[in-house]
2 protein chains.
Amino acid sequence: MDYPNGKKSQYSRRPSAANQTMSFSNRGMTLEADINATNTFYREMDKAMIHKKPTPVQIVNVHYPKRSAAVITEGYFKQPSTTDYNGIYRGQHIDFEAKETKNKTRFPLGNIHEHQISHMKSIATHGGITFLIIRFSVYNETYCIPAETFFPFWDNHLNGGKKSIPYETIQRQGYRIPFHYQARVDYLTIIDQLYF
Amino acid sequence: MDYPNGKKSQYSRRPSAANQTMSFSNRGMTLEADINATNTFYREMDKAMIHKKPTPVQIVNVHYPKRSAAVITEGYFKQPSTTDYNGIYRGQHIDFEAKETKNKTRFPLGNIHEHQISHMKSIATHGGITFLIIRFSVYNETYCIPAETFFPFWDNHLNGGKKSIPYETIQRQGYRIPFHYQARVDYLTIIDQLYF
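Residues numbered from 1 in each chain as written. Chains lettered and ligands numbered in written order. Predicted model: local features only at pLDDT ≥ 70, side-chain atom pairs only at ≥ 80, totals over all residues. Heavy atoms only, no water.

## Let's talk about the overall build of chain A
Here comes step 1: Counting its secondary structure elements, chain A contains six helices and ten strands.
Here comes step 2: Buried positions account for 43% of the 196 residues belonging to chain A.
Here comes step 3: In chain A, once contacts between residues fewer than 6 apart in sequence are set aside, the share between residues at least 24 apart is 64%.
Here comes step 4: Accessible surface computed for chain A: about 10100 Å², of which carbon and sulfur atoms make up 49%. (Helix = DSSP H or I, 4+ residues; strand = E, 2+ residues; numbered from the N terminus. Buried < 20%, exposed > 50% of the residue type's maximum accessible area, 1.4 Å probe, protein only. Contact = heavy atoms within 4.5 Å. Areas by Shrake-Rupley, 256 points an atom, 1.4 Å probe, with all protein chains shown as cover.)

Spelled out as structure tokens, the structure:
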């Protein structure tokens, strides 16, 4: 949709009848941006309260100029000790990690840190709902992989097994997350099916 | 306890029989440090998975030196849009904010941001357990204030009412959090009483 001033609307990615493919409609957004937009939509609809955690930064030096905001002049990225996303949905604790890969045939497990999986195992033990969201960006397909499905692949790789999960396995054992205009990664529809 | 090398142990704050007051044993630790230590202890005991969220930083410039870690050379503190702490305990979503004041007679509500309270209200609506931890550092007394107790004071102050909660009110309507050697702010004992 072109606006009278000739500019494209920021919403112009809505698929037209002639062009109704997910790969077009979703093109160019990172998985993180899509999930953030989805979570904002869920919050606005009062459907769930789920946020991305801030990137952990070790702050070493801060400069305090007069009459303006403090400036961090030296900082370092720290390894996150948890997953990136958590919150509450239908009274349940939700906790997940999201990764995208450009790989066409498999999801490399090296994308994920051991302490994130330990964290997810603890969340599962404590009764939370925990899962991975994995996007194959080449196909623009996004999958939900329940933690219980994922853990055996992870443990096997720690014990010297395969360092990746084949794309076909994710297609078969994961759940394809639908794309919607506002809930761009509408993972709660899958969570509804799996856990409620 | 002095070590043979004459240095104090980092654990030397454990109260001795002659000196068994909370104010001594707990002296010099910030509320945040105490809560972080408590949460670490809870995780090690596999009692609860509760973390402090990282401080949100807007990263503007990053320098990538050869052969060493990326350095953030310009960043700014962002206002958090949620509370600082969340996680899971006994299957329930836990979400809280912690504040300390040097004030002797009241807790000033200006310590808290409106969006943090909106967040807590949403968490309560979605079935989570949400509360404030408030420390009067002069007395070294730490209280748990359930959100339902706190909201009326907050709403009243937004409508032109008192800008603070008197210390006596917090003593009366809040729950004093016990100090333990490892669980320095043992707030889950209060949560057990109130919600389970």
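Having seen it, we continue.
## A word on the relation of the copies chain A and chain B
Here comes step 1: Expressed as a screw operation, the relation of chain A to chain B combines 0.0 Å of axial shift with a rotation of 180 degrees, fitting to an RMSD of 0.0 Å. With respect to symmetry, the two chain copies, as superposed, fit the operation of a two-fold axis.
Here comes step 2: In this assembly, 100% of the residues forming the interface of chain A have copies in chain B that are likewise at the interface, indicating an isologous arrangement. (Least-squares fit on C-alpha atoms with pLDDT ≥ 70 in both.)

## Details of the packing of helix α3 (residues 114-125) of chain B against helix α4 (residues 147-158) of chain B
All names here are of chain B.
Here comes step 1: Contact geometry for α3 and α4: axes closest at 11 Å, N-to-C directions at 140 degrees. Considered as vectors, α3 and α4 are oriented oblique to each other. In the packing of α3 onto α4, the handedness of the crossing is left-handed. Of α4, the residues touching α3 (which contributes E114, I117, M120 and K121) are A147, F150, F151, W154, D155 and L158.
Here comes step 2: When the residues that make up the contact of α3 with α4 are grouped by side-chain class, the tally is seven nonpolar, no polar and three charged. (Axes fitted to C-alpha atoms, helices over the stretch in contact; angles between N-to-C directions. Parallel < 35°, antiparallel > 145°, perpendicular 65-115°, else oblique. Left-handed = near helix turned anticlockwise from the far one by under 90°. Nonpolar A, V, L, I, M, F, W, Y, C, P; charged D, E, K, R; others polar.)

## Section: the sheet that holds strand β8 (residues 141-146) of chain A
Residue and element names in this part refer to chain A.
Here comes step 1: Pairing is mixed across the open sheet formed by six strands, whose spatial order is β1-β4-β5-β7-β8-β10. Pairing within the sheet leaves two strands with one partner each, and these edge strands are β1 (48-52) and β10 (175-176).
Here comes step 2: Note: β8 against β10, two bridges, orientation antiparallel. Residue C144 lies in a different strand from β10, and its bridge partner there is Y175.
Here comes step 3: Its contacts with the sheet place helix α2 (residues 31-44) against β1, β4 (85-89), β5 (92-101), β7 (129-136) and β8, and it is angled at close to 150 degrees to β1. (Pairing = 2+ DSSP bridges.)

## Some words on the UniProt feature "binding site: Mg(2+)" (unreviewed entry) in chain A
Here comes step 1: When the UniProt feature table is mapped onto this chain numbering, "binding site: Mg(2+)" (unreviewed entry) sits at T82(A), D84(A), E97(A) and Q116(A). Look at the named residues: they lie 35 residues apart in sequence, but the longest C-alpha span between them is just 9.0 Å, so in the fold they bunch up.
Here comes step 2: Along the chain, T82(A) falls in the loop between β3 (71-77) and β4.
Here comes step 3: If sequence neighbours within four positions are ignored, T82(A) has contacts with K53(A), E97(A), Q116(A), H119(A) and H51(B).
Here comes step 4: At a separation of 3.0 Å, a polar atom in the side chain of T82(A) contacts the side chain of K53(A).
Here comes step 5: Looking at the element boundaries, D84(A) is found in the loop between β3 and β4. (UniProt positions renumbered as here; feature names shortened; annotations may be inferred. Polar contact = N/O pair within 3.5 Å; in protein donor to acceptor, adjacent residues only side chain to side chain.)

## Observations regarding the sheet that holds strand β2 (residues 57-63) of chain A
Sheet strands associate in pairs through backbone hydrogen bonding, adopting either a parallel or an antiparallel arrangement.
Here comes step 1: Ordered in space as β2(A)-β3(A)-β3(B)-β2(B), the four strands form an open sheet in which the pairing is antiparallel. Unpaired on one side and paired on the other, β2 of chain A together with β2 (57-63) of chain B mark the two borders of the sheet. The mean inter-strand angle of the sheet, taken between neighbouring strand axes irrespective of direction, is 35 degrees.
Here comes step 2: As paired strands, β2(A) and β3(A) are joined by six bridges and run antiparallel to one another. In the strand pairing of β3(A), N61(A) is matched with E74(A).

## Points about the pairing of β3(A)
Here comes step 1: Sheet topology note: the β3(A)/strand β3 (residues 71-77) of chain B ladder contains two bridges and is antiparallel. Looking at β3(B), one finds that I72(A) is bridged to G75(B).

## Overview of helix α2 (residues 31-44) of chain B
Residues and elements named next belong to chain B.
Here comes step 1: For α2, built from 14 residues, the straight-helix expectation of 20 Å at 1.5 Å per residue is met to within 8% by its first-to-last C-alpha distance of 20 Å.
Here comes step 2: Turning to α2, the residues buried within the fold contact β1 (48-52), β4 (85-89), β5 (92-101), β7 (129-136), β8 (141-146) and α6 (187-195).
Here comes step 3: Within two residues after α2, D46 carries a phi angle of roughly 60 degrees, on the positive side. (Expected span 1.5 Å × (residues − 1).)

## Quick word on the side chain of H157(A)
Residues and elements named next belong to chain A.
Here comes step 1: Assignment of secondary structure puts H157 in helix α4 (residues 147-158).
Here comes step 2: At a separation of 2.9 Å, a polar atom in the side chain of H157 contacts the main-chain carbonyl oxygen of W154.
Here comes step 3: In this view, H157 contacts L109, K162 and K163; residues no more than four positions away in its chain are not counted.

## Concerning the UniProt feature "site: Transition state stabilizer" (unreviewed entry) in chain A
Residue and element names in this part refer to chain A.
Here comes step 1: The positions that UniProt labels "site: Transition state stabilizer" (unreviewed entry) are, in the present scheme, K99.
Here comes step 2: Here K99 is to be found in strand β5.
Here comes step 3: Aside from chain neighbours lying at most four places away, what touches K99 is L31, F107, N111, I112, Q116, I133, I134 and R135.

## Considering the interface of chain A and chain B
Here comes step 1: Across the contact, 35 residues belong to chain A and 35 residues belong to chain B.
Here comes step 2: Overall, the association of chain A and chain B removes approximately 2800 Å² of surface from exposure, summing both partners, and the carbon and sulfur fraction of that is 67%.
Here comes step 3: Put simply, chain A and chain B have zero salt bridges between them.
Here comes step 4: Linking chain A with chain B are ten residue pairs in polar contact (both at pLDDT 80 or more), by the criterion used here.
Here comes step 5: For the side of chain A that touches chain B, the elements supplying multiple residues, two or more each, are β1, β2, β3, β4 and α3 (114-125) of chain A.
Here comes step 6: Among the elements that make up the side of chain A that touches chain B, the one with the highest residue count is β3(A) (seven residues).
Here comes step 7: Of the residues contributing to the side of chain A that touches chain B, the split by class is 15 nonpolar, 15 polar and five charged. (Buried area = accessible area lost by both parts, 1.4 Å probe. Salt bridge = Lys/Arg side-chain N within 4 Å of Asp/Glu carboxyl O.)

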